[in-house]
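Tertiary structure, described
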Amino acid sequence: MLWALIQLENAMELGVRLHCLFLVDRLFVIDRMRLRMMNINTPSITPSLLFVFALLCCLFTAPNAQQAPSHFTVTFATTKGNLTLNVTREWSPFGVDRFYDLLQSGYFNDNAFFRVIDKPHPFVAQFGINGEPSVSKKWENADIPNDPVVQSNLRGFVSFAAEESQNGTTCCRTTQLFINYGNNSFLDPMGFSPFAYVTEGMEYADQFFAGYGEEPDQQKIYTIGNNYLKKNFPKLDYLLTAVINSEN
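Predicted, not measured: the structure shown is a model, and the values here were computed from it.

This part covers the overall build of the protein chain. Check the secondary structure of the protein chain and you find eight helices and eleven strands. Of all 248 residues assigned to the protein chain, the portion counted as buried reaches 46%. For the protein chain, the exposed surface amounts to about 12900 Å²; the carbon and sulfur share of it is 57%.

Right under this line is the structure:
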């Protein structure tokens, strides 16, 4: 049973639905054997709740879901200069898979660093809302599960931004990211899971315009896009392109 569940999870992650359905059938067979060993008679077409759950998971797995490489590097071309990110899937699997999908779709092109906080102490540079509302809307409710925190939110590490749940932990990660400017390890217990590290160009990230602080309205960025930002916050810096360099 454990082997089949693990394989089912891998199949879902890769989006291979045929393999997933085969494994659901294996789960059904194993489950019926278990019930028979317990002397519980079941009709030939009556699945257990486990089988139903697994089948539904297979049917509703996103068709474009894919597993990212174990390691890859990315170049961020920004209005201040180029940054190189080293991405490690083991640090934050769900986060890296989402980041990889977004990169391949060109989602990060022309993204504003709309929340740059460097006072009273260096904090973060946040981005990840596409300049076209129609593009952002496609990912609006595409939450990914939380990942364990393996690395700490220290200077140069990159994490997904998230909302705060009622119990004080993170939830609802979608597309927004932030680059840590300083030692923000206080974010670790809240569930912010770093997935990448800026290996080159952090000096350019330090130069992103921070004069607007928290002023840009995220809801207006989602509904109006870069037109809102460029009209009201013309000094903001931008992520122009995000390109995968190498994979392994």
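As a further point, take the packing of aromatic side chains. Taken as a whole and judged by the stated rule, the model has 19 aromatic pairs. Relative to Phe233, the ring of Tyr212 has its centre 5.0 Å away and its plane inclined at 75°; by these criteria the two rings are edge-to-face. Taken as a pair, Tyr212 in the loop between α6 (202-205) and α7 (218-224) and Phe233 in the loop between α8 (226-232) and β11 (238-247) lie far apart in primary sequence, 21 residues in all. In this structure, Tyr212 and Phe233 share a single accessibility class: buried. Where Tyr228 meets Phe233, the ring centres are 5.6 Å apart and the plane angle is 75°; that geometry is what we call edge-to-face. Per residue, the accessibility class of Tyr228 equals that of Phe233, and both read buried.

A word on the nonpolar core. The biggest cluster of nonpolar side chains holds 32 residues, and the ones touching the most others in it are Phe72, Val74, Phe76, Leu85, Phe99, Phe108 and Phe195. Per-element tally for this core: the top contributor is helix α4 (residues 93-105), with five residues. Here Leu85 is in contact with Phe72, Thr73, Val74, Phe76, Phe99, Val158, Ala196, Tyr197 and Val198, once residues within four sequence places are set aside. Ile129, Tyr212, Tyr228 and Tyr238 belong to the second-largest nonpolar core, a separate cluster that totals ten residues.

The subject of this paragraph is the pairing of strand β1 (residues 71-78). Counting buried residues in β1 gives six out of eight residues, a clear majority hidden from the surface. Remark: three residues form the turn of the hairpin made by β1 and strand β2 (residues 82-88), two consecutive strands paired antiparallel; Gly81 in that turn has positive phi of roughly 150°. Alignment of β1 against β11, held across seven bridges, turns out to be antiparallel. Note on β11: the bridge partner recorded for Val74 is Ile244.

Below, the discussion takes up α4. End to end, α4 covers 19 Å across 13 residues, agreeing with the expected 18 Å (1.5 Å per residue, within 8%). Of the positions making up α4, those classed as buried are Gly95, Val96, Asp97, Arg98, Phe99, Tyr100, Asp101, Leu102 and Leu103. In the segment just after α4, Gly106 is the residue with positive phi, at about 75°.

It is worth spelling out the pattern of salt bridges at this point. Two side chains of opposite charge can pair, provided their charged atoms sit close to one another. Under the counting rule described, the total for this entry stands at seven salt bridges. As a salt-bridge pair, Asp97 and Arg89 come within 2.8 Å of each other at their nearest N and O atoms. When its relative accessible area of 13% is taken as the criterion, Arg89 is described as buried. The salt bridge partner of Glu214 is Arg115, with a shortest N-O separation of 2.9 Å. With Glu214 in the loop between α6 and α7 and Arg115 in strand β4 (residues 115-117), the pair connects residues that are 99 residues apart, well separated along the chain. The exposure class of Arg115 is buried, given its relative accessible area of 18%.

Criteria and thresholds
Residues numbered from 1 in each chain as written. Predicted model: local features only at pLDDT ≥ 70, side-chain atom pairs only at ≥ 80, totals over all residues. Heavy atoms only, no water. Helix = DSSP H or I, 4+ residues; strand = E, 2+ residues; numbered from the N terminus. Buried < 20%, exposed > 50% of the residue type's maximum accessible area, 1.4 Å probe, protein only. Areas by Shrake-Rupley, 256 points an atom, 1.4 Å probe, with all protein chains shown as cover. Phe/Tyr/Trp six-rings, centres within 6.5 Å; stacked < 30°, edge-to-face > 60°. Core = buried A, V, L, I, M, F, W, Y, C linked by side-chain atoms within 4.5 Å. Contact = heavy atoms within 4.5 Å. Pairing = 2+ DSSP bridges. Expected span 1.5 Å × (residues − 1). Salt bridge = Lys/Arg side-chain N within 4 Å of Asp/Glu carboxyl O.

Geometric descriptors of this kind do not, in isolation, establish any biological role.
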